[in-house]
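Single-letter residue listing:
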Amino acid sequence: MYKIAPDAYWDYHRALFEAQPDDHNAETDDEWLDLKVVKKAIDGLDINQSKKDQIMKLVKDRNSESYKQMKNDSDLTNKYDIDITPTVIVDGKVLADPMDYDKVSKAIDQAIEKKNK
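A few points on the structure. This structure is a prediction, so every number in the text was calculated from the model and none was measured.

## Re the pattern of salt bridges
The final tally for this structure, using the stated rule, is four salt bridges. Between Lys-39 and Asp-43 there is a salt bridge, and its shortest N-O distance comes to 3.0 Å. Of the two residues, Lys-39 and Asp-43 are both situated in helix H3 (residues 35-43); the distance of four residues between them amounts to about one turn of the helix. Exposure remark for Lys-39: the relative accessible area of 39% places this residue in the partly exposed category. Ionic pairing is found between Asp-75 and Lys-71, a salt bridge with its closest N-O pair at 2.7 Å. Linking Asp-75 with Lys-71, this pair stays in helix H5 (residues 65-79), spanning four residues, or about one helical turn.

Below, the structure is given as structure tokens:
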């Protein structure tokens, strides 16, 4: 999305967010986030059809760099059992409260200190 229609990114993001089931615990992303949902979100964007077609082609092409990046993101969410956003991971550890600036800053400082030893 960001390479083809960067100005439409947040509209796309919002459309996918709104497509989530009300009870997000009822289904996994794999169960509700399919090509039909993605296509509907892309079709709703205020961009020309050529760009919509390019985006869908990248989404479907499992050899595209875009697909590989999405797959990597998905693998990371599974690896770290991420179920909320934002999630902050420092030095391989999920921080309990990603909104606590002092704790996040302290964890980063500790990781840097550990690495520099």
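That was the structure; now back to the text.
## Things to note about the side chain of Lys-52
With respect to the element layout, Lys-52 can be found in helix H4 (residues 49-60). In this structure, Lys-52 is buried with no salt-bridge partner, the nearest side chain bearing the opposite charge being Asp-43 at 5.2 Å. Leaving out residues up to four positions away in the same chain, Lys-52 has contacts with Ile-42, Asp-43, Leu-45 and Ile-47.

What counts, and at which threshold
In every chain, residue numbers begin from 1 and rise along the written sequence. Given that this is a predicted model, residues contribute local features only at a pLDDT of at least 70 and side-chain atom pairs are listed and counted only at 80 or more, while totals for whole chains, interfaces and linings are drawn from all residues. Heavy atoms throughout the structure, all of them, feed into the side-chain values; hydrogens and water do not. One side-chain nitrogen of Lys or Arg within 4 Å of one carboxyl oxygen of Asp or Glu is enough to make a salt bridge. By the criteria applied, helices consist of DSSP H or I runs no shorter than four residues and strands consist of E runs no shorter than two, each listed in order from the N terminus. Relative accessible area decides the class of each residue, using a 1.4 Å probe on protein chains only: under 20% of the type maximum gives buried, over 50% gives exposed, and in between gives partly exposed. In this tally, Asp and Glu contribute negative charge and Lys and Arg positive charge; neither His nor the terminal groups of the chain are included. Contacts: residue pairs with any heavy atoms within 4.5 Å of one another.

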